[in-house]
Amino acid sequence: MGFGTGFVTGLASSFDKMLQLDMQRNFDKMSRAEDYALRMREARKGRLTKDEGEIKDALKEIAAISGSNARAEAIADSVGGTKDGILRIRDTLRENQETLGKGFISKVYDFTEVDKYAADNPIETADMIRKFGPKYVEDTQVSYQPTGFQKIFGKKGKTEQELVGDLVEIPERYREETDQLFADRPDLGEANFGMMVKAMKFEAEMEKKYGSPTAALTDLTQKMNMTDDPAEKGNLKGQIDSMFKLYTQLEKAQADATGSEVKSAFSKPSIDSVFKNTEDRYTKPYYEVDLETGLSAALEGTQAQRMRSKKDAYIEIRNRFTTEDSNGNPLIDPQVNSMLIDRNKQVDKEAAQYKNVELSKFQNNDATAKFAEAASKQEAMQNIKDNKYPAGTVISFKENNVTKMIIWTGTGVL
């Protein structure tokens, strides 16, 4: 064998060994990549199965608490449909049911439209799992990249799916796109549990003790009227105020959850008693009681003072019963607010009539007229400060060439 032949043969043998070593290195590398990909894929599949089980259990419990699969699906969707959201709302509903009883759910959500939808579109547990179950997104990154001669020769890398996809199969349900499942179902508003629960706990306590909000208000009002102890009277008044505010917050939270208008928890007669007690307290100085009959009659010449006192009583009622909603906005019982508007209008109407009567007396030179004229509003107010007008005087003045009248009541103007 010549030198050239021996050299070529040796070179070929050496290249063959290098190629074999390169193939062995790549085979070992791919084996390690397969082992790693297999462990990772099995772990991902295990997490999918575990998450699916937890979500399924949570949805079934929400359905049991709310009353149906359709309601559970709507509740889950209202919190984003994520595993964390579903587990949190399940825990919240469970806690509230244990504290407030089974009936609480109807005060948190309005299921009317959801139930109508479900009548024509029944929802099974499997449907909820399809929609809210965990989703698997295939890892498209290369898990194994060849090196050496195999890379030079153009051998391509492999993804996890290509390496071990046939060894660990991911069920198709984890890949299914279900975002549009039940997309036409009416939305369910998100409930404000913080304020709702606080108010409902109070409601449960009050109803257990009294039977109803109206009964509670009536009982507390009667006790307040009967006691002569100022401290006890103040304590009962505080209980009434707190009860009004908490019931109003409850009704507001429920209305927000159901998309309805805020309603009053109290009957009109029970609220009338609050107005009467407050008005009587403010106007008492302007009444006298007949010792024989026990009947009270207004003191002559105090109509203006009584009107002012009623206005002050309504200011107190508004301040006592105004609370805040979850956003910090002023909130008052709607029936109380409506009655305040009506009562103030009545006093305004009485004041207008009073002004016209005194003006007519003045124009007819009636000596009993309680009427005075001033050049301007500033002059009228200064005269009031200087005590030039007795209580009940109607004062006329011009403002921007328009004649206006006010009543000096002794403590303020109307």
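Rules and cut-offs
Residues numbered from 1 in each chain as written. Predicted model: local features only at pLDDT ≥ 70, side-chain atom pairs only at ≥ 80, totals over all residues. Heavy atoms only, no water. Helix = DSSP H or I, 4+ residues; strand = E, 2+ residues; numbered from the N terminus. Buried < 20%, exposed > 50% of the residue type's maximum accessible area, 1.4 Å probe, protein only. Contact = heavy atoms within 4.5 Å. Areas by Shrake-Rupley, 256 points an atom, 1.4 Å probe, with all protein chains shown as cover. Axes fitted to C-alpha atoms, helices over the stretch in contact; angles between N-to-C directions. Parallel < 35°, antiparallel > 145°, perpendicular 65-115°, else oblique. Left-handed = near helix turned anticlockwise from the far one by under 90°. Nonpolar A, V, L, I, M, F, W, Y, C, P; charged D, E, K, R; others polar. Salt bridge = Lys/Arg side-chain N within 4 Å of Asp/Glu carboxyl O. Core = buried A, V, L, I, M, F, W, Y, C linked by side-chain atoms within 4.5 Å. Pairing = 2+ DSSP bridges. pLDDT = per-residue confidence, 0-100. Phe/Tyr/Trp six-rings, centres within 6.5 Å; stacked < 30°, edge-to-face > 60°. Right-handed = clockwise from strand over helix to strand, strands pointing away.

(A) Representation of the overall build of the chain in the model. Along its length, the chain carries 15 helices and nine strands. The buried share of the chain, taken over its 414 residues, is 38%. Sequence-distant contacts, at least 24 apart, represent 65% of the contacts inside the chain between residues at least 6 apart. As displayed, the chain offers around 23,900 Å² of accessible surface, 50% of which is attributable to carbon and sulfur atoms.

(B) Layout of the environment of lysine 361. Here lysine 361 is to be found in helix 14 (residues 334-363). Put simply, lysine 361 and phenylalanine 371 are 10 residues apart on the chain and 8.3 Å apart in space, counted from C-alpha to C-alpha. Non-local contacts of lysine 361, meaning those with residues more than four positions away in its chain, are made with Asp366, Thr368 and Ala369.

(C) Up close: the packing of helix 12 (residues 268-283) against helix 14. Close contact between helix 12 and helix 14 brings their axes to 11 Å; oriented N to C, the two are set at 50 degrees. As summarised for this structure, helix 12 and helix 14 are arranged oblique, according to the angle between their axes. The element helix 12 and its partner helix 14 pack so that their crossing is right-handed. Across from Lys268, Ile271, Asp272, Phe275 and Glu279 in helix 12, the residues of helix 14 making contact are Gln335, Val336, Met339, Leu340 and Arg343. Looking at the contact of helix 12 with helix 14, its residues break down into five nonpolar, one polar and four charged.

(D) A look at the pattern of salt bridges. Following the criterion strictly, the structure yields 24 salt bridges and no others. Residue glutamate 73 pairs with arginine 185 through a salt bridge whose shortest N-O separation is 2.8 Å. Highlighted residues: glutamate 73 in helix 2 (residues 69-78) and arginine 185 in the loop between helix 8 (160-164) and helix 9 (193-210), separated in sequence by 112 residues. The exposure class assigned to arginine 185 is buried, which follows from its relative accessible area of 4%.

(E) Spatial organisation of the nonpolar core. Of all hydrophobic cores here, the largest spans 32 residues; its most connected members are Phe244, Phe266, Phe275, Met307, Phe321, Val336 and Ile407. Among the secondary structure elements, those contributing two or more residues to this core are helix 10 (213-226), helix 11 (230-258), helix 12, helix 13 (303-321) and helix 14. Leave out the neighbours within four places in its chain, and phenylalanine 321 touches Ile240, Asp241, Phe244, Lys245, Val274, Leu331, Ile332, Asp333 and Val336.

(F) Layout of the pairing of strand 9 (residues 402-408). Pairing analysis gives seven bridges linking strand 8 (residues 393-399) to strand 9, with the strands arranged antiparallel. Across the sheet, residue glutamate 399 finds its bridge partner in strand 9, namely valine 402. Connecting strand 8 to the antiparallel partner strand 9 that follows it, the hairpin turn spans two residues, and asparagine 400 within it adopts a positive phi of roughly 55 degrees.

(G) Just unusual backbone geometry, in detail. The residue asparagine 387 is not glycine, and still its phi comes out positive at about 60 degrees. Along the polypeptide, asparagine 387 turns up in the loop between helix 15 (377-385) and strand 8. The residue asparagine 401 is not glycine, and still its phi comes out positive at about 65 degrees. Relative to the assigned elements, asparagine 401 resides in the loop between strand 8 and strand 9.

(H) Up close: the confidence of the model for the chain. This prediction gives the chain a mean pLDDT of 77; 74% of its residues lie at or above 70. Mean pLDDT values for the elements of the chain range from 45 in strand 1 (residues 142-144) up to 91 in helix 14. Below a pLDDT of 50 lies the segment residues 1-12, which in the model reaches one contact outside its immediate sequence neighbourhood of four places, other chains included. Taken together, the stretch residues 146-150 has pLDDT below 50 and engages in 18 contacts with residues farther than four places along the chain or on a different chain.

(I) View of the packing of aromatic side chains. Scanning the entire structure with this criterion turns up two aromatic pairs. Aromatic pair phenylalanine 275 and tyrosine 314: ring centres 6.1 Å apart, planes at 45 degrees, arrangement tilted. Taken as a pair, phenylalanine 275 in helix 12 and tyrosine 314 in helix 13 lie far apart in primary sequence, 39 residues in all. Side by side, phenylalanine 275 and tyrosine 314 carry an identical accessibility label, which is buried.

(J) Summary view of the packing of helix 2 against helix 6 (residues 125-132). Running from amino to carboxyl end, helix 2 crosses helix 6 at an angle of 15 degrees, the nearest separation of the two axes being 10 Å. As far as their axial angle goes, helix 6 and helix 2 are roughly parallel. The crossing of helix 2 and helix 6 is right-handed. Here helix 2 contributes Asn69, Ala72, Glu73, Ala76 and Asp77 to the contact with helix 6, which in turn contributes Thr125, Met128, Lys131 and Phe132. Looking at side-chain class alone, the contact of helix 2 with helix 6 contains four nonpolar, two polar and three charged residues.

(K) Structural view of the pairing of strand 8. Within strand 8, five of the seven residues are buried, leaving the element largely enclosed by the surrounding structure. As defined by bridge partners, strand 7 (residues 371-373) adjoins strand 8 across three bridges and the pair is classed as parallel. When the bridges of strand 8 are listed, phenylalanine 371 appears paired with valine 394. One crossover worth recording links strand 7 to the parallel strand 8 by way of helix 15, and it is right-handed.

(L) Quick look at the sheet that holds strand 8. Strands sit in the order 7-8-9 across an open sheet of three strands; the sheet is mixed. Since the sheet does not close on itself, it has two edges, and those belong to strand 7 and strand 9, each with one partner. In this sheet, adjacent strand axes meet at a mean angle of 25 degrees when their direction is disregarded. Contacts from helix 14 reach strand 7, strand 8 and strand 9, with the element oriented near 105 degrees to strand 9. Across the sheet, helix 15 touches strand 8 and strand 9, and the angle it forms with strand 8 is around 150 degrees.

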